[in-house]
Amino acid sequence: MSTSKEITKQDLQPQQRRELPQRSIRPNVDILEDETGITLRADLPGVTKQGLDIQVDNETLSIDGKAEIDTPEAMQALYADVCATRYQRSFSLSSELDGDKAEANLKDGVLSLRIPKREQYQPRKIEIRNG
Amino acid sequence: MLPRIHGFDSGLFNEFRRLEQEMDQLFGAGFWPNTMRSVANDNIPPINVGVTPEQVDLYLFAAGVNPEELDISINDNRLSIKGERHVERDDGLNYFRKERYDGAFHKVVTLPDDVDADKVEARYDNGVLHIVIQRRESSKPRQITVQ
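One structure accompanies this document, and this report is about it. Just so we're clear, the structure is a prediction, and the values are computed from it rather than from any experiment.

**Concerning the interface of chain B and chain A**
Part 1: In this complex, chain B contributes 35 residues to the contact, which on the side of chain A involves 36 residues.
Part 2: Both sides of the chain B and chain A interface together cover about 2900 Å² of buried area, and 55% of this is carbon and sulfur.
Part 3: A per-residue breakdown of the area chain B buries against chain A is headed by Glu99, Arg100 and Asn126 of chain B, which together make up 22% of the total.
Part 4: Run the count over chain B and chain A and you get five salt bridges.
Part 5: The tally of links between chain B and chain A comes to 19 residue pairs in polar contact (both at pLDDT 80 or more).
Part 6: Every element with two or more residues in the side of chain B that touches chain A is listed here: strand 1 (47-51), strand 2 (55-61), strand 5 (94-98) and strand 8 (128-135) of chain B.
Part 7: Residues of the side of chain B that touches chain A, tallied by class, amount to 16 nonpolar, ten polar and nine charged.

As structure tokens, then:
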């Protein structure tokens, strides 16, 4: 019960309304696969560790980042390529990937996410014994 | 592997893109009909510019750039930002998506006439370059007292 209360309270905060939460940027990503897993790199300029939320749920990976841009009060926009401060994108994960073992790293606005393949999908080297 | 649609590594392509961007700056974006190149003409890296009576704030959204490799200069009211991003890519691996831009960029921004080219500060934080240029005193709004 307390959670639903909190949500309503947050919804009413005027600050959140002004930020137009429905607008978000779809970040550009590189995704590559090697023998042991998958690596995703995403451009999230302005996002800090605290503002980044990565979730793996029902074989869906979602990235949600909030950019913190230091702007002076009373600033008037002259030109803007970027009109939102939130990045959102999700991907479906195939079942051989182990989302629980994902590791994330954020540096200079670039997220690197490594998701290993489950053990049974890892390449195994079969040793040949001398006969 | 997905076909390479961006092809930022082509020098000629970069030149075309730069030309197109410069034309956009001269005539305003949308002057040219969209060409096939518009796939990549995504104003990279994106910028925002804002003004207050005291200063002009410019934000360049360039994640993963080494700030030491940025070349920022100001000439009168034209601010130029040159830089390069090195995206490590291993061609031997299987890429499903290659959307992140790689290579050199050059942005030239015309600022309001009253900026003071001697008072410029730049910081690079979390992938955003923030440049603050002070405006000259004379241009600030002044209160005039009636005697």
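Let's pick the thread back up.
**Quick word on the environment of Pro112 of chain B**
Residues and elements named next belong to chain B.
Part 1: Looking at where Pro112 falls in the secondary structure, it is placed in the loop between strand 6 (103-110) and strand 7 (115-125).
Part 2: Judged by its relative accessible area of 17%, Pro112 is buried.
Part 3: In this structure the C-alpha to C-alpha distance between Pro112 and Asp76, which are 36 residues apart in sequence, comes to 9.9 Å.

**Notes on the sheet that holds strand 4 (residues 78-85) of chain B**
Residues and elements named next belong to chain B.
Part 1: Pairing in this open sheet of three strands is antiparallel, and the strands run 3-4-6 from one edge to the other. Each of the sheet's edge strands pairs with one partner strand only, and the pair in question is strand 3 (71-75) and strand 6. Each neighbouring strand pair of the sheet contributes to a mean axis angle of 10°, computed without reference to strand direction.
Part 2: Sheet topology note: the strand 3/strand 4 ladder contains five bridges and is antiparallel. Residue pairing for strand 4: Ile74 is matched across the bridge by Leu79.

**Things to note about the pairing of strand 1 (residues 29-33) of chain A**
Part 1: Among the five residues that make up strand 1 of chain A, five are buried, leaving the element largely enclosed by the rest of the structure.
Part 2: Across the two faces of strand 1 of chain A the burial is the same, with Val29, Ile31 and Glu33 of chain A and Asp30 and Leu32 of chain A all buried.
Part 3: In this sheet, strand 5 of chain B lies alongside strand 1 of chain A in antiparallel orientation, the contact comprising four bridges. Paired with Leu32 of chain A across the strands is Tyr95 of chain B, a residue of strand 5 of chain B.

**Section: the side chain of Glu99 of chain B**
Part 1: Assignment of secondary structure puts Glu99 of chain B in the loop between strand 5 and strand 6.
Part 2: Of the residues examined, Glu99 of chain B reaches a relative accessible area of 14% and is grouped as buried.
Part 3: Looking at Glu99 of chain B, its side chain comes within polar contact range of the side chain of Arg89 of chain A, at 2.8 Å.

**Looking at the nonpolar core**
Part 1: Val56, Leu58, Leu60, Ile81, Leu111, Leu129 and Ile131 of chain B are the most contacted members of the largest nonpolar core, which has 21 residues in total.
Part 2: When residues of this core are traced back to their parent elements, those giving at least two are strand 1, strand 2, strand 4, strand 6, strand 7 and strand 8 of chain B.
Part 3: Not counting chain neighbours up to four residues away, the residues in contact with Ile81 of chain B comprise Leu58, Leu60, Leu70, Asp71, Ile72, Phe105, His106, Lys107, Leu129 and Ile131 of chain B.
Part 4: Judged by nonpolar contacts, the second largest core, of 18 residues, contains Leu52, Ala67, Phe91 and Ile115 of chain A.

**With respect to the packing of aromatic side chains**
All names here are of chain B.
Part 1: Applying the stated criterion to the full structure yields one aromatic pair over all chains.
Part 2: With a centroid separation of 6.5 Å and an interplanar angle of 85°, the aromatic rings of Tyr101 and Phe105 are classed as edge-to-face.
Part 3: Between Arg85 and the ring centre of Tyr101, over which it is positioned, the NZ or CZ distance is 4.1 Å.
Part 4: Positioned over the ring face of Tyr95 is Lys98, at 4.9 Å from the centre of the ring.

Rules used in this analysis
Residues numbered from 1 in each chain as written. Chains lettered and ligands numbered in written order. Predicted model: local features only at pLDDT ≥ 70, side-chain atom pairs only at ≥ 80, totals over all residues. Heavy atoms only, no water. Contact = heavy atoms within 4.5 Å. Buried area = accessible area lost by both parts, 1.4 Å probe. Salt bridge = Lys/Arg side-chain N within 4 Å of Asp/Glu carboxyl O. Polar contact = N/O pair within 3.5 Å; in protein donor to acceptor, adjacent residues only side chain to side chain. Helix = DSSP H or I, 4+ residues; strand = E, 2+ residues; numbered from the N terminus. Nonpolar A, V, L, I, M, F, W, Y, C, P; charged D, E, K, R; others polar. Buried < 20%, exposed > 50% of the residue type's maximum accessible area, 1.4 Å probe, protein only. Pairing = 2+ DSSP bridges. Axes fitted to C-alpha atoms, helices over the stretch in contact; angles between N-to-C directions. Core = buried A, V, L, I, M, F, W, Y, C linked by side-chain atoms within 4.5 Å. Phe/Tyr/Trp six-rings, centres within 6.5 Å; stacked < 30°, edge-to-face > 60°. Lys NZ or Arg CZ within 6 Å of the ring centre and 35° of its normal.

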